[in-house]
Amino acid sequence: MSRAAARHLGSCHCGTVRFAITSDFPELTQCDCSLCKRRSATMVEVHESAFELLAGAESLSEYQFHTHTARHYFCKVCGIYPFHRKRVTPDFFGINIACLENFDPRGIPLRQAVGAAMP
Ligand SMILES: [Zn+2]
């Protein structure tokens, strides 16, 4: 079951970081790497051309670990993780779906990504 592509607005908790994505949501992912396990987010992957940062660039804190390829962003004010640039496919963003407004994930397949097993 696939959806029509739609634009969704998203934000961190305090609203400093605001963004929009356009996706047809073919799947959602959860990941078992050491970071994702701790932040426990369900994500959707979008190409950078389908991602718009609307506000808050100066309030993003960046965290990198391991290979320092993926770029994990956090709001400096409220600490929420809204999105990250992916490691294997750095022109893609992983988006925290809990930050999307009026988004209903029901019916979208959930895939378990294997981050912990990556070298
Ligand atoms: Zn915030």
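Before any of the text, the structure's been laid out above.
Residues numbered from 1 in each chain as written. Predicted model: local features only at pLDDT ≥ 70, side-chain atom pairs only at ≥ 80, totals over all residues. Heavy atoms only, no water.

### Focus on the coordination of the zinc ion
Working step 1: Only C12 (SG), C14 (SG), C75 (SG) and C78 (SG) from the protein reach the zinc ion as donors, at distances of 2.3 to 2.4 Å.
Working step 2: Here the zinc ion is ringed by four donor atoms whose angles at the metal span 104 to 116°, and the overall shape comes out tetrahedral.
Working step 3: Sequence spacing of the donors to the zinc ion: C-x1-C-x60-C-x2-C. Placement of the pair is C12 in the loop between β1 (6-11) and β2 (18-23) and C78 in the loop between β7 (71-75) and β8 (83-85), with a sequence separation of 66 residues.
Working step 4: Exposure remark for C78: the relative accessible area of 26% places this residue in the partly exposed category. (Donors = N, O, S within 2.8 Å, 3.2 Å for Na, K, Ca; no water. Tetrahedral: all angles 85-135°; square planar, octahedral: opposite > 155°, others 65-115°. Helix = DSSP H or I, 4+ residues; strand = E, 2+ residues; numbered from the N terminus. Buried < 20%, exposed > 50% of the residue type's maximum accessible area, 1.4 Å probe, protein only.)

### Brief notes about the pattern of salt bridges
Working step 1: Enumeration over the complete set of coordinates arrives at six salt bridges.
Working step 2: E62 serves as the salt-bridge partner of R71, at 3.5 Å between the closest nitrogen and oxygen.
Working step 3: The exposure class assigned to R71 is partly exposed, which follows from its relative accessible area of 33%.
Working step 4: According to the relative accessible area criterion, E62 is partly exposed, its value standing at 36%.
Working step 5: A salt bridge links D104 to R106, with the shortest nitrogen-to-oxygen separation between them at 2.8 Å.
Working step 6: Taking the relative accessible area as the measure of exposure, D104 reaches 33% and is therefore partly exposed. (Salt bridge = Lys/Arg side-chain N within 4 Å of Asp/Glu carboxyl O.)

### Quick word on the packing of aromatic side chains
Working step 1: On inspection of all chains with the given rule, the structure shows ten aromatic pairs.
Working step 2: Residues F51 and F93 carry aromatic rings whose centres are separated by 4.1 Å and whose planes lie at 15° to one another, so their mutual orientation is stacked. Residue F51 is found in strand β5 (residues 51-55), and its partner F93 is found in strand β9 (residues 92-96); the two are separated by 42 residues along the sequence. Each member of the pair, F51 as well as F93, carries the same accessibility label: buried. (Phe/Tyr/Trp six-rings, centres within 6.5 Å; stacked < 30°, edge-to-face > 60°.)

### Observations regarding the state of the cysteines
Working step 1: One pass over the structure, following the stated rule, counts zero disulfides.
Working step 2: Summary of cysteine pairing: C99 is not part of a disulfide, and the nearest cysteine sulfur, belonging to C12, is at 7.3 Å.
Working step 3: C99 sits in the buried class, given a relative accessible area of 8%. (Disulfide = S-S within 2.5 Å.)

### Side note on the environment of H72
Working step 1: Assignment of secondary structure puts H72 in strand β7.
Working step 2: What makes H72 buried here is its relative accessible area of 5%.
Working step 3: Here the alpha-carbon distance between H72 and K86, two residues 14 residues apart in the chain, equals 8.3 Å.
Working step 4: Setting aside residues no more than four positions away along its own chain, H72 makes contact with L35, R39, S61, E62, Y63, F65, F83 and H84.
Working step 5: Here R39 takes part through its side chain, which lies 3.2 Å from a polar atom of the side chain of H72. (Contact = heavy atoms within 4.5 Å. Polar contact = N/O pair within 3.5 Å; in protein donor to acceptor, adjacent residues only side chain to side chain.)

### Focus on the sheet that holds β1
The pairing of strands in a sheet happens through backbone hydrogen bonds and is either parallel or antiparallel.
Working step 1: One open sheet accounts for three strands, arranged β1-β2-β5; its pairing is antiparallel. The outermost strands of the open sheet, each flanked by one partner alone, are β1 and β5. Going from strand to strand, the sheet's axes swing by 25° on average, the running direction of each strand aside.
Working step 2: Pairing geometry for β1 and β2, over six bridges, is antiparallel. Paired with H8 across the two strands is I21, which belongs to β2. (Pairing = 2+ DSSP bridges. Axes fitted to C-alpha atoms, helices over the stretch in contact; angles between N-to-C directions.)

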